[in-house]
Amino acid sequence: MTDKLVITPWEIKGSVMGVDYEKLMKEFGADALNEQVLARMRKHTGQLHVLLRRKFFVSHRDLNWILDEFEKGNKFYIYTGRGPSGPMHLGHLLPFMLCKWLQDRFGAEMWIQMSDDEKFLVKPDMKLEDAQKWTEDNVLDIIALGFDPKKTHIFVDTKNAKTMYPQAVRVAKHLNLSTAKSVFGFTGETNVGIAFYTAMQSVLAFLPSALSGKQIPCLVPLGLDQDPHFRVCRDIMPKLGYHKPAVLHAKFLSGLGEGGKMSASLPNSAIYLIDSEKVVADKIKRHAFSGGQKTAEEQRKLGANPEIDVSYQWLQAFFEDDDERIKKIHEEYKSGKMLTSELKQILIDKVNAFLKNHQAEREKAKEKVDKFWWKD
Ligand code: TRP
């Protein structure tokens, strides 16, 4: 757990468990998703989504403004995206799940960006054709969540240039190299495409307003690593006559290994959405880092540490939706009444139930996908 945590939009390295989110929030200048703002949301939604109740979404920018506007009758839309560079894993899906819930509860439009250009530009070995292939694959996982085809629009950067490019250049004119360098750490070696990319990621934060001629508030649920793009975007929006998009920050779902370390080179550290029941069980049994003791006997005596236990953390973040039940699991595991193998089995069953349904919906998504693409 000695690895230093490195977070940029293109790299998350090190231990994601035990990240000091309070400190990050201060550094970023974001607000905690506190009881006051959550209670405001609850007034409109009824029971909050598990990812909000368990604080997997930790902080925000301007969520109160989004709710002010909503209460005045000015509905917001939701924007998020995916960089298609490979198969999606559970962690990638979590922000989209909150989006689906927000769409249902607030009747919101959903605008999704597939940034194939970004993945091509950033990853030295990625071919553009491959990023485009992963786009076709990844959208199935997104659609499988049940987004409303009438209210959901998917953009692909290299395919929807006719709509996106004229807006991107408007942003790019206000983004100078010194800002890009200081925010993202670019050097003289960075290719110019990457330096331009933030302009592309900013487009859907105002496109509905640009197209309709109205000011439509925008809410962006995202992983914390994406915040730098939106800090830049938020500075530029008023210069183009638009409101700043509001942002909801998700934590990182830890990888299975010790300290929640994540790395694309450790395929066993993540559960992919296409993994079979057997692979899921194997990965969790063999690779999920445990906060338990070495033997059952010791565990009964000393108890386990749920705070560093990946299986517990996954249940807590999302998979055990029942608040009473998760409290009970915490108590029993900590006291030694529950063994690691029992805890892992609970998680295996939850993940497999989730994936079974997801994989069936993913198949059905193949029939529906045409309704979602943005037509320039
Ligand atoms: N850059 C993101 C990634 O690498 C993908 C993305 C595009 C995105 N637009 C977004 C993420 C808007 C959050 C919000 O995965």
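What counts, and at which threshold
Residues numbered from 1 in each chain as written. Predicted model: local features only at pLDDT ≥ 70, side-chain atom pairs only at ≥ 80, totals over all residues. Heavy atoms only, no water. Near = heavy atom within 4 Å. Polar contact = N/O pair within 3.5 Å; in protein donor to acceptor, adjacent residues only side chain to side chain. Helix = DSSP H or I, 4+ residues; strand = E, 2+ residues; numbered from the N terminus. Nonpolar A, V, L, I, M, F, W, Y, C, P; charged D, E, K, R; others polar. Axes fitted to C-alpha atoms, helices over the stretch in contact; angles between N-to-C directions. Parallel < 35°, antiparallel > 145°, perpendicular 65-115°, else oblique. Left-handed = near helix turned anticlockwise from the far one by under 90°. Contact = heavy atoms within 4.5 Å. Salt bridge = Lys/Arg side-chain N within 4 Å of Asp/Glu carboxyl O. Buried < 20%, exposed > 50% of the residue type's maximum accessible area, 1.4 Å probe, protein only. Pairing = 2+ DSSP bridges. 1 Å grid on protein atoms, 1.4 Å probe; cavity = no way out; pocket = protein on both sides within 12 Å on 5 of 7 lines; lining within 4 Å. Points joined across faces, edges and corners; volume = space filled by probe spheres on them.

**What about the site of the ligand?**
Next up, step 1: With respect to spatial proximity, 15 residues lie near the ligand, and among them Gln113, Glu118, Lys119, Gln201 and Gln226 are the closest.
Next up, step 2: Side-chain polar atom of Glu118 to a nitrogen atom of the ligand: 2.8 Å apart, as the coordinates give it.
Next up, step 3: With respect to the ligand, the side chain of Gln226 contributes an N or O atom lying 2.9 Å from a nitrogen atom.
Next up, step 4: Sort the elements by how many residues they give to the shell around the ligand and strand E5 (residues 77-82) lands first, with four residues.
Next up, step 5: Residue composition of the shell around the ligand, by class: five nonpolar, seven polar and three charged.

**Structural notes on the packing of helix H15 (residues 310-319) against helix H16 (residues 323-335)**
A pair of packed helices is captured by two measures, namely the crossing angle of their axes and the spacing between those axes.
Next up, step 1: Closest axis-to-axis distance for the H15/H16 pair is 10 Å, and the angle between their directions is 160°. The orientation of H15 relative to H16 falls into the category roughly antiparallel. Relative to H16, H15 is oriented so that their crossing is left-handed. Contacts between H15 and H16 involve Tyr312, Leu315 and Gln316 on the former and, on the latter, Ile326, Ile329 and His330.
Next up, step 2: Of the residues in the contact of H15 with H16, the class split is four nonpolar, two polar and no charged.

**A short note on the pattern of salt bridges**
Next up, step 1: In this structure the tally under the stated criterion is 21 salt bridges.
Next up, step 2: The partner of Arg40 in a salt bridge is Glu71, with the nearest N and O atoms 3.1 Å apart. With Arg40 in helix H2 (residues 35-45) and Glu71 in helix H4 (residues 63-71), this residue pair connects regions lying 31 residues apart in the sequence.

**Re the pairing of strand E7 (residues 152-156)**
Two faces, one strand: in a regular strand the side chains alternate between the faces of the sheet.
Next up, step 1: The buried fraction of E7 is high, at five of five residues.
Next up, step 2: Alternating positions in E7 separate into two faces, Thr152, Ile154 and Val156 on one and His153 and Phe155 on the other, with burial throughout.
Next up, step 3: As paired elements, strand E6 (residues 110-114) and E7 share five bridges and run parallel to each other. Each residue of the ladder has a partner; that of Met114, found in E7, is Val156.

**Here we look at empty space enclosed by the protein**
Next up, step 1: By the definition in use, this model includes three cavities of 30 Å³ or more.
Next up, step 2: Empty space within the largest cavity amounts to approximately 70 Å³.
Next up, step 3: Every residue lining the largest cavity is counted, eleven residues in all, and those nearest its centre are His89, Ser254, Ser269, Ala270 and Trp314.
Next up, step 4: Its residues assigned to classes, the lining of the largest cavity comprises six nonpolar, five polar and no charged.
Next up, step 5: Considered as a void within the structure, the second largest cavity measures approximately 60 Å³ in volume.
Next up, step 6: Contributing to the lining of the second largest cavity are Trp65, Ala205, Phe206, Ser209, Gln215, Ile216, Pro217, Cys218, Tyr242, His243, Lys244 and Pro245.

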